[in-house]
Amino acid sequence: MRISLKVIKSALAALFLLLAGAAIAQEMTFPRDELSIRTAAGETHRLSIELAVTDAQRQHGLMYRKEMAPDHGMLFDFGQARRVSMWMENTVLALDMLFIQGDGTISHIKENAVPFSRDIIDSQGPVKFVLEINAGRAKALGIKVGDKAVGKRIGNQW
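Note that the structure is predicted; figures quoted are calculated from it, not measured.

A.B. asks: What's the story with the overall build of the protein in this structure? I'm lost.
C.D. replies: Along its length, the protein carries three helices and seven strands. Reading the protein from its N terminus to its C terminus gives the helix and strand order α-β-β-α-β-β-β-β-α-β. For the protein, the residues scored as buried account for 41% of the 158 residues in total. Surface summary for the protein: the accessible area is close to 9200 Å², and the carbon and sulfur share equals 55%.

Below is the structure:
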């Protein structure tokens with residue numbers, strides 16, 4: 001069996017990118033916090049979250065992660081309300097994205113964002129935060145537009 005030099009070079013390049021991505025994923029650290037989602041139905045769901053607050057953390061997000069506990073997520077804090085665009089490049093996990101206004105109100109939900117997709121996921125209006133959780137969790141927990149994210153980082157913890 002003959003393998004062309006071009007195939008070998010392509011395979012080595014792919015391996016390099018994979019290993020480089022894994023090294024980057026291991027180096028990035030995120031502060032941790034707690035967050036609750038209060039639904040209109042009166043339920044409260046507590047989540048352990050990682051915070052993406054710097055440009056580097058927001059750009060990296062959950063890329064290269066292969067698993068996340070069901071009661072975990074990542075909160076992207078953009079510092080001020082603005083229209084936000086997200087995508088799933090280099091993201092292995094399928095995710096639900098909850099777009100959250102400055103007061104904690106969930107204004108838009110993108111369910112089941114497709115792993116590795118470069119499709120733009122738009123906030124559909126100004127938001128200050130985006131919470132990423134495992135795909136299907138928003139539906140399973142009954143989280144809907146209008147529900148509230150509550151926590152220290154949001155600034156509305158009672």
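A.B. asks: Honestly, the pattern of salt bridges in this entry has me stumped. Any pointers?
C.D. replies: Opposite charge on two side chains makes pairing possible when the charged atoms of those side chains draw close. Throughout the structure, instances matching the rule amount to six salt bridges. Here Arg-153 ties to Asp-77 by a salt bridge, and the two come within 2.7 Å at their closest N and O atoms. A residue pair is termed long-range when its members are at least 10 positions apart, and Arg-153 in the segment after β7 (148-150) and Asp-77 in strand β3 (residues 72-86) qualify at 76 residues. On the basis of relative accessible area, Arg-153 is assigned to the partly exposed category, the value being 35%. For Glu-89, the salt bridge goes to Arg-118, with nearest N and O atoms at 2.6 Å. Of the two residues, Glu-89 is situated in the loop between β3 and β4 (95-100) and Arg-118 in the loop between β5 (106-113) and β6 (121-134); the sequence distance between them amounts to 29 residues.

A.B. asks: Is there a simple way to explain the pairing of β6 in this structure?
C.D. replies: With 10 of 14 residues buried, β6 is to be regarded as a mostly interior element. Alignment of β4 against β6, held across six bridges, turns out to be antiparallel. Each residue of the ladder has a partner; that of Ile-100, found in β6, is Phe-129.

A.B. asks: What am I meant to see in the sheet that holds β3 here?
C.D. replies: Across a sheet, strands are paired by hydrogen bonds formed along the backbone, either parallel or antiparallel in direction. Reading across from one edge, β5-β4-β6-β3-β2-β1-β7 is the order of the seven strands in this open sheet, with mixed pairing throughout. With partners counted over all chains shown, the strands left at the sheet margins are β5 and β7, one partner each. Each adjacent strand pair in this sheet contributes to an overall mean axis angle of 35°, direction not counted. Where strand β2 (residues 44-52) and β3 come together, five bridges link them in parallel fashion. Of the residues in β3, the one forming a bridge with Ile-49 is Gly-73.

Quick notes on the rules
Residues numbered from 1 in each chain as written. Predicted model: local features only at pLDDT ≥ 70, side-chain atom pairs only at ≥ 80, totals over all residues. Heavy atoms only, no water. Helix = DSSP H or I, 4+ residues; strand = E, 2+ residues; numbered from the N terminus. Buried < 20%, exposed > 50% of the residue type's maximum accessible area, 1.4 Å probe, protein only. Areas by Shrake-Rupley, 256 points an atom, 1.4 Å probe, with all protein chains shown as cover. Salt bridge = Lys/Arg side-chain N within 4 Å of Asp/Glu carboxyl O. Pairing = 2+ DSSP bridges. Axes fitted to C-alpha atoms, helices over the stretch in contact; angles between N-to-C directions.

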